[in-house]
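# Geometric and topological summary
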Amino acid sequence: MVLVNLLTIVFLILLLVCYALFVQSNKPVVMGVKEAKMSWLNLGILLLVAFIVRYVLAKIDPGHETDMGCFVYWGDQVYNDGFSKFYNSETFSDYPPGYMYVLWGVGAIRHFVPSLASSTILVKMPAILCDLATAGLVYKIAHKHFDEKGSIFFVSCYLFNPVVLIDSAMWGQVDSVFTLFVALMCYFVAEKKLKISYFVFAIGILMKPQALVVTPVLICGIMDQVFFKDFSWEKF
C-alpha cells in the first residue's frame, strides 16, 4: 500500500508539471476530415498501448483472491442455474443483478471455451474494457475544450493512473464498470439529456451500489435544468 501511495504522489506531480508545460494554454481547434481521422488514430494507438499494459499487469497479478473466487463462482452459478435459482439459493452474494449479467457472460465463455476456464484475465476483462471505454468518453469531452495534445493528455491521465491500473488490471475489481456509467451520466447531464442520464445512472447502481455517492451531481443537474430555468415537468 505504501508503494501505491508513492506511485500516486509521483504520478500527480508529473501531471501538474505536464499540465503547466503543455496543456494550460491549449484551446480547442476546428479540425477537418483528415485531422479528425488522425486524432482518432492517435486515440486508437493510445488505447492499444493501455490495453497491452493492462494485459501484462493482469498476467502478473492473480487479483484479489477472495473477490476473484467469488466472481468465478457467481458466473458459473448464474450461467448453469439461471438468475432465479441463484437468488433463491443460499449462495452468498453482495452484488446487485447488474454485474451478475456481466458474470453470466464470463461463465458462458468459460463453458464454451474450456481453455479460458482458469484464466484470471477473463474475469478482469470487463473492468479493463470499461477502462478503455471511459477513456474514449474522456477524449470526446476533452476535445471540446482542448486541442489534440491536451485531449491525449487527459486521456493518458486516466488510462495510466496507478490507482486505475491496480484496481482493474491487477486486483480485478469492478469499480471501472460502474465508473463508466457514472461518467456517462455526468456527460448526459452536461449535455442536457436528463432522461438518458437517469437510465445510465440506474445501470451504474445495478452494477455496484457505490455509484450512489455521485447522486448529488444528478440532483444538481435536475435543479439547474428543471427548477431554475423555465420549470416544466416535461424536462424530467
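Residues numbered from 1 in each chain as written. Predicted model: local features only at pLDDT ≥ 70, side-chain atom pairs only at ≥ 80, totals over all residues. Heavy atoms only, no water.

## Side note on the overall build of the chain
Put simply, the rule is: A helix here means a DSSP run of H or I that spans at least four residues, while a strand means a run of E at least two residues long, and both kinds are numbered starting from the N terminus. For every residue, the accessible area obtained with a 1.4 Å probe (protein chains only) is divided by the maximum for its type, and the residue is called buried under 20%, exposed over 50%, and partly exposed between those limits. Contacts are residue-level and defined by heavy atoms, with any inter-residue pair within 4.5 Å sufficient. Residue exposure ignores everything except the shown protein chains as possible cover, and the areas themselves are Shrake-Rupley values with a 1.4 Å probe.
Within the chain, the secondary structure is distributed over ten helices and zero strands. Seen in sequence order, the chain has helices and strands lined up from the N terminus as α-α-α-α-α-α-α-α-α-α. Here the chain holds 236 residues, and the buried ones make up 41% of them. A fraction of 71% describes how many contacts in the chain between residues 6 or more apart in sequence connect residues 24 or more apart. Total accessible area on the chain stands at roughly 13,300 Å², and carbon and sulfur atoms take up 71% of it.

## Topic: the packing of helix α3 (residues 65-88) against helix α4 (residues 97-112)
The criterion, for reference: Angles here are taken between N-to-C directions and fall from 0 to 180 degrees, while the axes themselves are lines fitted to C-alpha atoms, restricted in helices to the stretch in contact. For classification, angles of less than 35 degrees are called roughly parallel, those exceeding 145 degrees roughly antiparallel, those between 65 and 115 degrees roughly perpendicular, and all remaining angles oblique. If you view the pair so one helix is near and one far, a crossing is left-handed when the near helix is turned anticlockwise from the far one by less than a right angle, and right-handed when it is turned clockwise. Residue type decides the class: Asp, Glu, Lys and Arg count as charged, Ala, Val, Leu, Ile, Met, Phe, Trp, Tyr, Cys and Pro as nonpolar, and the leftover types, Gly among them, as polar.
One can describe the packing of α3 onto α4 by two numbers: an axis separation of 7 Å at closest approach and a directional angle of 110°. As the angle between them shows, α3 and α4 are arranged roughly perpendicular. By crossing handedness, the relation of α3 to α4 is classed as left-handed. Seen from α3, the contacting residues are F71, V72, W74, G75, D76, V78, Y79, F83, F86 and Y87; seen from α4, they are P97, M100, Y101, L103, W104, G107, A108, R110, H111 and F112. Across the contact of α3 with α4, the residue classes break down as 15 nonpolar, three polar and two charged.

## Digging into the confidence of the model for the chain
Quick note on the threshold: pLDDT expresses how confident the predictor is about each individual residue, on a scale running from 0 to 100.
On average, the chain scores 83 in pLDDT, and the residues at 70 or more come to 81%. Confidence, expressed as mean pLDDT per element, reaches its minimum in the chain at helix α1 (residues 2-23) with 64 and its maximum at helix α8 (residues 175-190) with 94.

## Notes on helix α10 (residues 215-227)
Just so we agree on the cut-off: The span you would expect from a helix comes to 1.5 Å times its residue count less one. The arc in question is the one traced by the directions running from the helix axis out to the C-beta atoms.
The end-to-end C-alpha separation of α10 is 17 Å, in line with the 18 Å expected for 13 residues at 1.5 Å each. For α10, every residue scored as buried is listed here: L218, G221, I222, Q225 and V226. The arc enclosing the buried residues of α10, seen along the axis, measures out at 100°, which places them on a common side. Structurally, α10 contributes buried residues whose contacts are with α8 and α9 (194-207).

## Overview of α3
If you check α3, its first and last C-alpha atoms are just 26 Å apart, much less than what 24 residues at 1.5 Å a residue would give, namely 34 Å. Those residues of α3 that sit buried are M68, C70, F71, W74, G75, Q77, V78 and F86. Looking at the buried positions of α3, the neighbouring elements they touch are α4 and α5 (120-142).

## Digging into the pattern of salt bridges
Quick note on the threshold: Salt bridges are identified by distance alone: a Lys or Arg side-chain nitrogen within 4 Å of an Asp or Glu carboxyl oxygen.
Tallied over the entire structure, the rule returns four salt bridges. For the salt bridge of D131 with R54, the shortest nitrogen-to-oxygen distance reads 3.0 Å. With D131 in helix α5 and R54 in helix α2 (residues 33-60), this pair connects stretches of sequence that are 77 residues apart. An identical accessibility class is assigned to D131 and R54; each is buried. Across the salt bridge formed by D76 and R110, the nearest N and O atoms sit 2.9 Å from each other. Within this pair, whereas D76 is found in helix α3, its partner R110 is found in helix α4, the two being separated by 34 residues in sequence. Note on R110: relative accessible area 16%, which makes it buried.

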